[in-house]
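# Coordinate inspection notes
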Amino acid sequence: MKADRQIKEAHRRIPSVDALLQQMPDALANWGRQQVTDALRAELADLRAQIARGETPQTDAEALQQRVAQRLERSNSASLVPVINLSGTVLHTNLGRASLPREALDAVVTVAAAPSNLEFDLDSGARGDRESHIEALVCELTGAEAATAVNNNAAAVLLVLNTLALGREVPVSRGELVEIGGSFRIPEVMQRAGCTLVEVGATNRTHLKDFAGVINSATALLMKVHTSNYQLEGFTSAVPEGALAQLAQQRGLPFVIDLGSGSLVDFARLGLPAEPTAAEAIANGADLVTFSGDKLLGGPQAGLIAGRKELVGQIKTNPLKRALRLDKMTLAALAEVLKLYRDPDSLVQRLPTLRQLTRPAEDIAAQAGRLLPALSRALQPTYSVEIADCASQIGSGALPVETLPSAALRITPASGDDADVRRLAQVLRSLPLPVIGRLHKTSLWLDLRCLDQEQAFLGQLDGLRL
Ligand SMILES: *Cc1c(COP(=O)(O)O)cnc(C)c1O
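What counts as what
- Residues numbered from 1 in each chain as written.
- Predicted model: local features only at pLDDT ≥ 70, side-chain atom pairs only at ≥ 80, totals over all residues.
- Heavy atoms only, no water.
- Helix = DSSP H or I, 4+ residues; strand = E, 2+ residues; numbered from the N terminus.
- Rg over C-alpha atoms; globule rule 2.2 N^0.38 Å.
- Buried < 20%, exposed > 50% of the residue type's maximum accessible area, 1.4 Å probe, protein only.
- Areas by Shrake-Rupley, 256 points an atom, 1.4 Å probe, with all protein chains shown as cover.
- Lys, Arg positive; Asp, Glu negative; His and termini not counted.
- Charge placed at Lys NZ, Arg CZ, Asp CG, Glu CD.
- Pairing = 2+ DSSP bridges.
- Axes fitted to C-alpha atoms, helices over the stretch in contact; angles between N-to-C directions.
- Parallel < 35°, antiparallel > 145°, perpendicular 65-115°, else oblique.
- Left-handed = near helix turned anticlockwise from the far one by under 90°.
- Contact = heavy atoms within 4.5 Å.
- Nonpolar A, V, L, I, M, F, W, Y, C, P; charged D, E, K, R; others polar.
- Domains from an automatic or database assignment.
- Core = buried A, V, L, I, M, F, W, Y, C linked by side-chain atoms within 4.5 Å.
- Expected span 1.5 Å × (residues − 1).
- Arc of directions from axis to C-beta.
- Salt bridge = Lys/Arg side-chain N within 4 Å of Asp/Glu carboxyl O.

What follows deals with the overall build of the protein chain. When its secondary structure is counted, the protein chain shows 20 helices and 14 strands. In terms of overall size, the protein chain is more extended than a compact globule, its C-alpha atoms giving a radius of gyration of 28 Å where 466 residues would be expected to give roughly 23 Å. Projected onto its principal axes, the C-alpha positions of the protein chain cover 95 × 55 × 45 Å. The buried share of the protein chain, taken over its 466 residues, is 46%. Taken as a whole, the protein chain presents about 22800 Å² of accessible surface, with 49% of it coming from carbon and sulfur. One way to put it: in the protein chain the 48 positive side-chain charges average out to a point 6 Å from where the 52 negative ones average out.

Listed below in structure tokens is the structure:
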């Protein structure tokens, strides 16, 4: 009986929603009446449940208001937030791939904030073409006659196949039936695009005569897929682009190359592992090339299609194009990124992806030296920190075998316990600016290649709760 009375009494002490609302002018101004009322009701429901279970939660108005404010902060905080990528993979798909240069960010803000001439010709006052803002640039940088762009390279491949090969056959080398991850596999894309894949040659070796042997009246085009995320080694042979291009031309078929990353500059000249450029592929006789905007190109997520005018024209009028087209923010960013390629001398410094990829190992090691004392202080005695050589990956399936020499802060728990390393990784991920490292052999590795925000990183160390 007594317990019943106590519970009733506790319920009576809970302030009413109306009384609490009147005492929360700041919350009302911030979040609006609807949200604050909902949060108050939810908080009070929790409170009643606790009391019913025999608990004695704080029911004074002040404590309640504070909890409601926290609840509102939590539910209104951004879900998509920046992180510090110390994973050792520069173009990490799960971390959003390329970071955009300042020029592109400014352009995005400008076109997003106001109406623009996205599809409006300012000279004639007539309807314009949204790709007019990038087509000439892509042509200039690749040597193509015409170009278009869609949401990503997967969409580009789908659209090219659906436009040029619907209901027909497409021969592809067995060594190039790539899976890119996230269930994008060339055979399945072919099927969804409405065409029939004809596998050519053997997994390790494909010859020109294999292609010649399968061409018939149902063949729509010849396709080559850049094996960007793996390498065949040993007794291998692939048909050179030039020879395939010649065969396609003799048989009156378009020759399409899915370049995957598709760089626009000679990587070897930058001291990086060689990667075929879109211009080389077109010079070698490709009638169409497709490549990503946010891999080695270093721009926004996009898929570029460049090549012969007549083929690009067909692609532009495919009804699927409308479903896959780029939005104004991406077009604005892409145009600015492409413009940076016009000055190869300043490109590496201005484009974050290339700046990170070409960062010298000594520079990264020097940074590790600067950060070591503060990080050691923050983590001792539970963890020890040392500077270690490591190898960065380019990422996004680009150049999988080649790595870039780099330097890391390697953090090892004094206990030698795997659980302690995982706990530290979790603590770093829960920082206001989450830090993403790489777990390897009972250590957490922080590869510093992509650490631009050194002060922000240091500033967070004091708040570490181990
Ligand atoms: C990455 C890749 C794609 C897909 O590109 P997204 O821009 O990620 O859609 C297609 N083909 C190849 C060969 C690739 O490497």
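This part takes up the sheet that holds strand β8 (residues 288-292). An order of β3-β9-β8-β7-β6 is seen for the five strands of this open sheet, with the pairing classed as mixed. A strand with exactly one partner marks an edge of an open sheet, and here the two such strands are β3 (146-150) and β6 (222-225). Averaged over all adjacent pairs, the angle separating strand axes in this sheet is 15°, with direction ignored. In this sheet, strand β7 (residues 255-260) lies alongside β6 in parallel orientation, the contact comprising four bridges. What sits directly across from lysine 224, in β7, is isoleucine 257.

The buried count for strand β9 (residues 303-307) comes to five of five residues, which makes it a mostly enclosed element. Of the two faces of β9, the one holding Gly303, Ile305 and Gly307 and the one holding Leu304 and Ala306 are both buried throughout. As paired strands, β3 and β9 are joined by five bridges and run antiparallel to one another. Note on β9: the bridge partner recorded for valine 150 is glycine 303. Across five bridges, β8 lies against β9 in antiparallel orientation. Bridge pairing links phenylalanine 291 to leucine 304 in β9.

Taken N-terminus to C-terminus, the directions of helix α7 (residues 135-142) and helix α15 (residues 328-340) make an angle of 30°; their axes are 10 Å apart at the nearest point. On the basis of their axis angle, the class for α7 and α15 is roughly parallel. Of the two possible hands of crossing, α7 and α15 adopt the one that is left-handed. When α7 is examined against α15, the residues Leu137, Val138 and Leu141 are found in contact with a partner set consisting of Ala335, Leu338 and Lys339. When the residues that make up the contact of α7 with α15 are grouped by side-chain class, the tally is five nonpolar, no polar and one charged.

For the protein chain, the domain assignment lists domain 1 (2-76), domain 2 (84-92 + 357-463) and domain 3 (102-350). The distance between the C-alpha centroids of domain 2 and domain 3 comes to 35 Å.

This part is about the nonpolar core. Counting 59 residues, the largest nonpolar core has Leu222, Val289, Leu338, Tyr341, Leu354 and Leu357 as its most contacted members. Ranked by the residues each element gives to this core, the list is headed by α15, at seven residues. Formed jointly, this core draws a minimum of three residues from each of two domains, domain 2 (84-92 + 357-463) and domain 3 (102-350). If sequence neighbours within four positions are ignored, tyrosine 341 has contacts with Leu141, Leu264, Val265, Leu296, Leu297, Leu347, Leu351 and Leu354. Membership of the second largest hydrophobic core comes to 30 residues, among which are Ala155, Val160, Val178 and Ile186.

Let us now look at helix α6 (residues 102-113). Here α6 spans 17 Å end to end across 12 residues, near enough to the 16 Å set by a 1.5 Å rise per residue. Taken as a whole, α6 has its buried residues at Ala104, Ala107 and Val108. Down the axis of α6, the sector holding all buried residues measures 105°, keeping them to one side. Counted as exposed and oriented over 90 degrees from the buried face of α6: Arg102, Val109, Thr110 and Ala113. As for α6, its buried residues are in contact with α15.

Inspection of the secondary structure assignment puts asparagine 94 in the loop between β2 (89-91) and α6. Each C-alpha atom of the pair asparagine 94 and glutamate 62 lies 42 Å from the other, and the pair is 32 residues apart in sequence.

All right, on to helix α9 (residues 186-193) then. Of the positions making up α9, those classed as buried are Ile186, Val189, Met190 and Ala193. Down the axis of α9, the smallest arc covering the buried residues is 105°, so these residues share one side. Facing away from the buried side of α9, by more than 90 degrees, are the exposed residues Gln191 and Arg192. At its buried positions, α9 is contacted by α8 (153-165), β4 (169-173), β5 (196-200), β6 and β7. One or two residues past the end of α9 sits glycine 194, with phi positive at roughly 90°.

Okay, the pairing of β8 next. Side-chain direction in a regular strand flips from residue to residue, so the side chains alternate between the two faces of the sheet. The buried fraction of β8 is high, at five of five residues. On β8, burial covers both faces: Leu288, Thr290 and Ser292 on one face and Val289 and Phe291 on the other are all buried. Bridge count for β7 against β8 is four bridges, and the pairing is parallel. Across the sheet, residue isoleucine 257 finds its bridge partner in β8, namely valine 289.

Here the structure, examined in full by the defined rule, presents 27 salt bridges. Here glutamate 103 makes a salt bridge to arginine 350, at a shortest N to O gap of 3.4 Å. Taken together, the residues span a long stretch of sequence, with glutamate 103 in helix α6 and arginine 350 in helix α16 (residues 344-350) at a distance of 247 residues. Note on glutamate 103: relative accessible area 27%, which makes it partly exposed. Via salt bridges that share partners, Glu43, Asp46, Arg67 and Arg71 belong to a single interconnected network.

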